[in-house]
Each structure stands twice: as C-alpha cells, then as structure tokens.
Amino acid sequence: MAILREPDFAGQVRVKFDYGYFARNLYFNPKKAPDFAWYLISIFWASVGIGVVITFLVYFLQFELKLDENSLVSMVFKATLIINGTASVVSPLGGTLADRLGRRKPIVAAGALLASAGYAVMDAIVNSSGFLSGCVILSVSAMVCYSARRWHWRRRP
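No experiment lies behind these values; they were computed from the predicted model shown.

**Structural notes on the overall build of the chain**
From N to C terminus, the chain includes six helices and zero strands. Ordered by position in the sequence, the α and β elements of the chain form the string α-α-α-α-α-α. The buried share of the chain, taken over its 157 residues, is 28%. Taken as a whole, the chain presents about 11,800 Å² of accessible surface, with 65% of it coming from carbon and sulfur.

Take a look at the structure:
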C-alpha cells in the first residue's frame, strides 16, 4: 500500500450507486462464456470440499486420531499454519505456470487430481504426520486451482 498511488478524486462528481445496474452486471450467459461457467462450478466444488474438511476438522482429529484436548489445539494450529503457508507459496507459482503454458484447464485438472489425493491421504491416515501431509497436498491443489484463474490482472506477452 505504501508504494501504490491513489488517484486524486478531489473536485470530481461521484455517480450515485445504482443497485439495479449492479445486479444486472452480476449476470453472465453460460452459453457465451462456457469456460467461465465451468470455472465457477469447479471453484464452488473445491470450496465446498475444503469447507467440509475445515468444518469437521476438530471432530475428525478427536474421534479418528484420538487426540486429547491439549494436542488437539496444537494440531489444529499446525494444520491451519501449513494450509495457509503452503497456499501463500503455491499461489504465485500456479499463476506463473498457467501464464507460461497459456492454458488453464490442464492446471485446474491437475489441481483436482491433487485434491482427490489429498482427501484420500487424509482419509487413510492413522497418525498426525500423515494428516499434516494430507493438509499440504490439499492446500497445494486448492491454490493451484484458484491461482490458475485469478492471475487475470497480469499482462500476457
């Protein structure tokens, strides 16, 4: 924020916000933009999958891994730190890879396969280190899928 320049709007007339105009601009035609429609569907299902994992994380750790209260708090913290830390590193890499390849679908498909592997690892685990490795795989897959489409502000050659 310190290096970004803010335009000077002093003396300019601001247009009143129009809710109808805003609502009309939220609509898109899936027939005219099928790739965008599939992207929205894939992001929705990836978010649902991660949301389910996060929602039931404490119960899973308590009842499947048999963690006590003290180690449960520590494990949730580690899982959250790993997921967010991995996502912070992988997001720019996924976007850069998508920009270099010039195609997004293979990257999103690879992310979906990685997500399946992450869920399988998390389901088949019997200890906390296996659970944490499943968290790494899952966060890598999700951020690859998300970042392959979110780097729209970068100019391509």
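**Side note on helix 5 (residues 105-124)**
For helix 5, spanning 20 residues, the distance from its first C-alpha to its last is 29 Å, which sits close to the expected 28 Å at 1.5 Å a residue. Within the sequence span of helix 5, burial applies to Ile 107, Val 108, Gly 111, Ala 115, Gly 118 and Met 122. All buried residues of helix 5 lie within an arc of 90 degrees about the axis, which places them on one face of the element. Turned more than 90 degrees away from the buried face of helix 5 sit Lys 105, Leu 113, Asp 123 and Ala 124, all of them exposed.

**Let's talk about a nonpolar patch on the surface**
A surface patch of nonpolar side chains, amounting to about 510 Å² of accessible area, comprises Phe 17, Tyr 19, Phe 22 and Leu 26. The topology assignment puts Phe 22 in helix 1 (residues 19-26).

**Quick look at the environment of Ile 83**
Tracing the chain through its elements places Ile 83 in helix 4 (residues 69-101). Through-space distance from the C-alpha of Ile 83 to that of Cys 135 is 6.1 Å; in sequence the pair is 52 residues apart.

**What about the packing of aromatic side chains?**
One pass over the full model with this rule turns up five aromatic pairs. A centroid spacing of 5.7 Å and a plane angle of 50 degrees characterise the contact between Phe 17 and Phe 22, whose relative ring orientation is tilted. A centroid spacing of 6.1 Å and a plane angle of 35 degrees characterise the contact between Phe 60 and Phe 131, whose relative ring orientation is tilted. Linking Phe 60 in helix 3 (residues 57-63) with Phe 131 in helix 6 (residues 128-150), this pair joins segments that are 71 residues apart in sequence. Members of the aromatic cluster, each reached through a chain of ring pairs, are Phe 17, Tyr 19 and Phe 22.

Reading the values: the criteria
- Residues numbered from 1 in each chain as written.
- Predicted model: local features only at pLDDT ≥ 70, side-chain atom pairs only at ≥ 80, totals over all residues.
- Heavy atoms only, no water.
- Helix = DSSP H or I, 4+ residues; strand = E, 2+ residues; numbered from the N terminus.
- Buried < 20%, exposed > 50% of the residue type's maximum accessible area, 1.4 Å probe, protein only.
- Areas by Shrake-Rupley, 256 points an atom, 1.4 Å probe, with all protein chains shown as cover.
- Expected span 1.5 Å × (residues − 1).
- Arc of directions from axis to C-beta.
- Patch = residues over 30% accessible without salt bridge, like charges linked within 9 Å, V, L, I, M, F, W, Y side chains within 5 Å.
- Salt bridge = Lys/Arg side-chain N within 4 Å of Asp/Glu carboxyl O.
- Phe/Tyr/Trp six-rings, centres within 6.5 Å; stacked < 30°, edge-to-face > 60°.

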